[in-house]
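Below, each chain spelled out in residue letters.
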Amino acid sequence: MGLCASSTTTTANPLAAAAAAARGEIRVPEDCKTLQEAVGRVHGDDRLTTIVVGKGKHQIDCHPDEYLGIPSAMNIVGDPDVPKEKIVVVGGIWFKKGIQGNCHLQHLTLRQAKASGVSGLSSFTMDDVLVEQCSWSGVVAEGTGVVARCTDVEVRQCGWNGVVAGDGASITLIGAKTTVHHNCTKDGGDEYGLSVCYSSTSTIQLALPLTKETVATDNGGLLYTFDAADDMQCVVLRRRRV
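Below: a short report on this structure. Each chain has its residues counted from 1, running along the sequence as written. Owing to the predicted nature of the model, reporting of local features is limited to residues with pLDDT of at least 70; listing and counting of side-chain atom pairs is limited to 80 or more, with chain, interface and lining totals taken over all residues. As a convention, hydrogens and water are excluded, and side-chain values are obtained from all of the structure's heavy atoms.

**A few points about the nonpolar core**
Okay, so step 1: Nonpolar core, defined: a set of buried Ala, Val, Leu, Ile, Met, Phe, Trp, Tyr and Cys residues in which side-chain atoms within 4.5 Å join the residues together. Three exposure classes are used, based on accessible area relative to the maximum for each residue type with a 1.4 Å probe and protein chains only: buried under 20%, partly exposed in between, and exposed over 50%. Membership of the largest hydrophobic core comes to 53 residues, with the highest contact counts inside it found for I51 and M126.
Okay, so step 2: A contact between two residues is defined here by any heavy atoms of the two lying within 4.5 Å. Apart from the residues lying within four places of it in its own chain, the contact partners of I51 are I26, V28, L35, A38, V39, V42, M74, N75, I76 and V77.

And the structure:
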């Protein structure tokens, strides 16, 4: 799951590229041919913070499981002038453990990952992202202290779970457009639309007015039992101690 890079860049408009760089941005495919190369550029240059992904299909092929490893805090956002359904990353995103600062995904589609669509061992945020048709789970956060906030995120048609908080991680689902549906497509019977596992402190929080009934629908598995949060500002799905 290492970082991969290409040596090829394509800059169509040097003036536009310079202006974007001044904002801490680089663009795919204008400045970097691949997402792998763009991640390497941002990781190696403290002046850069954001990758803007353009229209088209962007294949992740630097790892056998088609994971793009993210080694440091950065933003990966789709071009706001293009519908997210036309900005397609084919493969998965993996936020490595121990990243200082936040990693952010916004306004794009993640499709057909050979493993999970988004897997975070460090904290991350997502906004206006579609995750679909992944072989494993859609969105996964793992580890004590790992916090994920997902706003207006749709997870659908994944083989295993839709959204998973494990090993003490916490995921908060926010926004009226947030939905987790038609997952658990593989046989096995132990997958869930929303799953909290491997620790009694793992949680999925649904920011009101969201409820488990409105967020998780038509998944092949069942939902864990849920409790109301103490401050009543959200609903917490939590595995009970046994």
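Alright, that's what it looks like, and here's the rest.
**Focus on the environment of C32**
Okay, so step 1: Under the scheme used here, helices are H or I runs from DSSP no shorter than 4 residues and strands are E runs no shorter than 2 residues, and both carry numbers assigned from the N terminus. If you trace the backbone, C32 turns up in the loop between β1 (25–28) and α2 (35–44).
Okay, so step 2: Each C-alpha atom of the pair C32 and V53 lies 9.9 Å from the other, and the pair is 21 residues apart in sequence.
Okay, so step 3: Once you skip the residues sitting within four places of it in the chain, C32 turns out to touch I26, R27, E37, A38 and R41.

**A look at unusual backbone geometry**
Okay, so step 1: In this structure, the amide linkage connecting V28 to the following residue, P29, adopts the cis form with an omega of 15 degrees.
Okay, so step 2: Note that P29 resides in the loop between β1 and α2.
Okay, so step 3: A cis amide bond links L208 to the next residue, P209, at an omega of 10 degrees.
Okay, so step 4: In this fold, P209 is placed in the loop between β18 (203–207) and α3 (212–215).
Okay, so step 5: If you check the backbone angles, Q112 has positive phi at about 55 degrees while not being a glycine.
Okay, so step 6: Here Q112 shows up in the loop between β8 (103–111) and β9 (118–120).

**As for the pairing of β18**
Okay, so step 1: With 4 of its 5 residues buried, β18 lies for the most part within the structure.
Okay, so step 2: Here 4 bridges tie strand β15 (residues 170–174) to β18, and the two strands are oriented parallel to one another. The residue of β18 that forms the bridge with L173 is L206. By the convention used here, strands pair only if DSSP detects at least 2 bridges between them.

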